[in-house]
Structures are given as C-alpha cells and as structure tokens.
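# Survey of secondary and tertiary structure
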Amino acid sequence: MEKKLDLIPVSGWNLFAEQKPLIIAGPCSAESEIQVMETARRLSSHGINVFRAGIWKPRTHPNTFEGVGTPGLKWMQRVKNELGMKICTEVASEKHIFDCLKFGVDMVWLGARTTANPFLVQEIADALRDVDIPVLVKNPVNPDIDLWIGALERLNQSGIKKLGVIHRGFSTFEKMKYRNNPEWQVVIEMRSRLPELPFFCDPSHISGAKEYIAEISQRSLDLGLDGLMIESHCDPTCALSDAKQQLTPDELFAMIENLTVRQQDSDSPSYKENIDQLRAKIDVIDENILYILGSRMKISRQIGEYKKENNIAILQTSRWDSLLAKAIEKGAEYGLSEKFVTALFNAVHEASVQVQNDILEK
Ligand code: PEP
Ligand code: MN
C-alpha cells in the first residue's frame, strides 16, 4: 500500500470554471505578446479559463528556441488581468518559481525531464514551501512509477496539497505511431495506487501530431481521467516549437465538443442491478481461474519432483513450444487474441519453471 498523500481535491483549487473534462489550453511556448493575447482571447471565447504557455522551454538540441523567459510572464499576467483567465507554466528551478510568484502565476507544472531529476524536484519543493498554488507533475520521460510518485512525495512533504499529475507519454528508442508512447498500463497502475490524485492527460505531447489528439483525448476520458492539457496556438503553422501538434482554438473547441465524457458511476437502479450481476459472475469466474491455476501448479510441482528423481532438466523447449501453439489455437476459438494467450501462458510457465527450480535446489 502506497504512503498516502495529503491532498486537496481539484474542486478546492479555485481554478477551473467548467465541469469535466477540465481543460488547460494554450500554446507550447509564449512567443510574443500578440500571440499570447490572441490565443488566450480565442480560448476564453470558447469558455476555456485555464491558460498554459511555456516560458522556459527544455529543448532537446541547443541553438533552438528556448522560450522568451521572464518577460513572457508579463504577457501572461495581462491574460489574467484582462481576460480573467487563470495562468500556468512549466517550472524547472527555484528562480522560475520566484519569477512566477512575482507575476501572479496561478498554477505551475513540472515537465517530464524535471520529474526525472530528484535534485531539481527537491529544489522546487523547497522553493514552494508555504506557497498555496496547485502543482501538476508530468510523468518522467521513462515509465518509472516510483520516480513519479517520489516527486509527488517531495512536493507533498513541502506542504503542497493541491497536487495533480499529467500523463504525457514515454520516450522510446524506436519511432512509434505517437511521439511519446502512452503505455496506458502505467496510467492504470498509477490510478490504482493513488486513486484520489487529480489526473490529467497531455494528448499533444503524446501524439506529436494534431491528427491523433482526439483519439488520445477520448482514450484518457474512457479511463476516467479528470482533464486534458492541450496545446493551442492562434496560428500553429508559425509556432516556434511543437508546430505539428498544436490546434487552433476553434479546432480545439470542436474536438472537445466531440468527446464523450464517461461517468465514473451511475445512480440508476437498473444500471446498478445489471452491473452487480455481471460483476458477481466475474467474481465466480475469477475464483475458478485461481482454483484451476492452483491445481495446475500442484501438478507442475509433481512433475518437478519426478524430473529431479530422474535427473532431467527443467526446460524442454519443444514441449513448451507445442503447448503454447496449441493454447494459441484453442484460445482463438474462445475469442482470445494471440497476444493475450502468449502473455498469460508465459506468466504461467515462468511461475511453474520457478517452482520446479526451487524443487531442484532443495
Ligand atoms: C510542454 O508542456 O510544453 C512540455 C515541454 O512538455 P513535456 O515536459 O511533457 O515534454
Ligand atoms: Mn510543447
């Protein structure tokens, strides 16, 4: 069981005007006063009230646009004062925090490269002590849940209770469909370890291309995430960073309108009755699965003893190959994919090899 974080739910952050999905939108980078104001004005006209813009940009290569720095905070402050929007940006150092506080920034987030660095996270946590603004923590670039949770713990220990996370996908060596691989199983695991934690998805940095933003957004709502952080620029074709993945405010609004928001639960009695019945069936089947796996393991143990008596090696690859092939064929008849059957049987096989190994070493 995870050490519990002391959290204030998002409803107590005094930030988001709209209901689910909570939307944070704005350009990858603040580039000019005109671009910031124009983008914010258009987003605001669609009812979006939390504005993002990168001020300091952690770029992969040097000599690229690294953000306008502190002067950009003045433009964001105008967004706050003139349009009444809440403003947020990425911070990666104590200096960034101090500058943000000077200009009335309402929320900050830690970028993926920062979350991966405990020194920086600690520096930021120390600078935020006694500061009552929400902090969002993007996942580290690598799928390391403990590193991600460790960053949250550091901030929480500094007294930050308005904490949330942003899923922005993970770097891969090979080029995949998306810029950053979503690895949804990490999200599911993180949610089950910290169910109370406000959870956002950043479909822009996952997809890397605007045509995939809708499908990633829908997927994250299907998993019950609370909100989305999406990059939006008044003229994406001219953007100085992440041009391919930014939507215009109009495109963003149309995309959001098309999303289906799933409820966490329903009060309808007929829904409850049906879902309870189906879950009861699943519970019985799960118990049977465990009973059957236990029985299988008993036989595996007997085989292990028998192999030991006869001085036979544990692994007979040909036997395993034919067993798996048969299982895949049978599984297909029951509507199970090859991928699933292979993963399941590999897990079963690994456990039974382990048991036989223990017998051999006894
Ligand atoms: C960003 O939000 O602009 C950004 C740099 O994101 P990430 O830290 O996810 O790469
Ligand atoms: Mn970006």
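The structure we're discussing is the one just above.
The sections below set out a description of the structure shown in this document. (Residues numbered from 1 in each chain as written. Chains lettered and ligands numbered in written order. Predicted model: local features only at pLDDT ≥ 70, side-chain atom pairs only at ≥ 80, totals over all residues. Heavy atoms only, no water.)

With that settled, the discussion passes to unusual backbone geometry. Phi at Asp242 is positive, roughly 50°, even though this residue is not glycine. Along the chain, Asp242 turns up in the loop between strand S8 (227-231) and helix H10 (249-257). With relative accessibility at 19%, the residue Asp242 sits in the buried group. Here Asn311, not a glycine, exhibits a phi torsion of approximately 55°, which is positive. (Helix = DSSP H or I, 4+ residues; strand = E, 2+ residues; numbered from the N terminus. Buried < 20%, exposed > 50% of the residue type's maximum accessible area, 1.4 Å probe, protein only.)

Moving on to the coordination of the manganese ion (ligand 2). Looking at the manganese ion (ligand 2), the protein donor atoms are Cys28 (SG), His205 (NE2), Glu231 (OE) and Asp242 (OD), and they sit 2.0 to 2.4 Å from it. Sequence spacing of the donor residues for the manganese ion (ligand 2), all on one chain, is C-x176-H-x25-E-x10-D. Note that Glu231 is positioned in strand S8 and Asp242 in the loop between S8 and H10, a separation of 11 residues in sequence. (Donors = N, O, S within 2.8 Å, 3.2 Å for Na, K, Ca; no water.)

As a further point, take the environment of Lys80. The residue Lys80 is located in helix H2 (residues 71-83) in this model. We classify Lys80 as partly exposed; its relative accessible area is 26%. The spatial distance from the C-alpha of Lys80 to the C-alpha of Val105 is 8.6 Å, given a sequence separation of 25 residues. Not counting chain neighbours up to four residues away, the residues in contact with Lys80 comprise Met85, Ile87, Gly104 and Asp106. Of the polar contacts made by the side chain of Lys80, one reaches the backbone oxygen of Gly104; its length is 2.8 Å. (Contact = heavy atoms within 4.5 Å. Polar contact = N/O pair within 3.5 Å; in protein donor to acceptor, adjacent residues only side chain to side chain.)

So, about helix H7 (residues 184-193). Of all the positions in H7, only Trp184, Val186, Val187, Met190 and Arg191 are classed as buried. Angular distribution of buried residues about the axis of H7 spans 150°; they occupy a single face of the element. Packed against the buried residues of H7 are helix H6 (145-157), strand S6 (163-167), strand S7 (199-201) and helix H9 (213-222). (Arc of directions from axis to C-beta.)

Taken together, Arg52, Lys57, Glu90, Trp109, Gly111, Ala112, Arg113, Lys138, Arg168, His205 and Glu231 form the complete shell of residues around ligand 1. In this structure, an oxygen atom belonging to ligand 1 sits 2.8 Å away from a side-chain N or O atom of Lys138. Contacts to ligand 1 include Arg168, whose side-chain N or O atom sits 2.6 Å from an oxygen atom. Out of a free accessible area of 290 Å², ligand 1 has 97% covered by protein chains. When the residues that make up the shell around ligand 1 are grouped by side-chain class, the tally is two nonpolar, two polar and seven charged. (Near = heavy atom within 4 Å. Areas by Shrake-Rupley, 256 points an atom, 1.4 Å probe, with all protein chains shown as cover. Nonpolar A, V, L, I, M, F, W, Y, C, P; charged D, E, K, R; others polar.)

Residue alternation in strand S5 (residues 135-138) divides its side chains into two sets, Val135 and Val137 and Leu136 and Lys138, and both sets are buried. Pairing analysis gives three bridges linking strand S4 (residues 107-110) to S5, with the strands arranged parallel. Among the inter-strand pairings, Leu110 is bridged to a residue of S5, identified as Val137. Two elements, S5 and S6, share four bridges in a ladder whose sense is parallel. Within S6, the residue paired with Val135 across the bridge is Leu163. (Pairing = 2+ DSSP bridges.)

What follows deals with the nonpolar core. One finds Phe51, Leu128, Leu155 and Met190 to be the most contacted residues of the largest nonpolar core, which totals 66 residues. Top contributing element to this core by residue count: H6, with six residues. Among residues more than four places away in sequence, those in contact with Leu128 are Ile97, Val108, Ile133, Val135, Leu155 and Ile160. In this structure, Cys88, Met107, Trp109 and Met229 belong to the second largest nonpolar core, which totals 13 residues. (Core = buried A, V, L, I, M, F, W, Y, C linked by side-chain atoms within 4.5 Å.)

Most of strand S3 (residues 86-91) is tucked away: five of the six residues are buried. Following the backbone out of strand S2 (residues 50-52), through H2 and into the adjacent parallel S3, one traces a crossover that is right-handed. Bridge analysis of S3 against S4 gives four bridges, and the strand direction is parallel. Each residue of the ladder has a partner; that of Cys88, found in S4, is Met107. At this point the chain moves from S3, through helix H3 (residues 94-102), to the parallel S4, and the crossover so formed is right-handed. (Right-handed = clockwise from strand over helix to strand, strands pointing away.)

For the structure on display, the rule yields three aromatic pairs. Relative to Phe199, the ring of Trp148 lies with its centre 6.0 Å away and its plane at 85°, an arrangement referred to as edge-to-face. Of this pair, Trp148 sits in helix H6 while Phe199 sits in strand S7, and the two are 51 residues apart along the sequence. Just as Trp148 is buried, Phe199 falls in that class too. Taking the centre distance of 5.3 Å and the plane angle of 85° together, the rings of Tyr178 and Tyr212 count as edge-to-face. Here Tyr212 lies in the loop between helix H8 (203-207) and H9 and Tyr178 lies in the loop between S6 and H7, a separation of 34 residues in the sequence. (Phe/Tyr/Trp six-rings, centres within 6.5 Å; stacked < 30°, edge-to-face > 60°.)

This part takes up the state of the cysteines. Summed over all chains, the structure comprises zero disulfides. Its sulfur unpaired, Cys201 is 15 Å from the next cysteine sulfur, which belongs to Cys88. A residue is classified by how much of its surface remains accessible, and Cys201, at 0% relative accessible area, is buried. (Disulfide = S-S within 2.5 Å.)

By the element assignment, Gln356 lies in helix H13 (residues 338-361). Classification of Gln356 by relative accessible area gives buried; the value is 6%. Of the polar contacts made by the side chain of Gln356, one reaches the side chain of Lys307; its length is 3.1 Å. When sequence neighbours within four positions are dropped, the list of residues in contact with Gln356 reads Ser300, Ile303, Gly304, Lys307 and Ile314.

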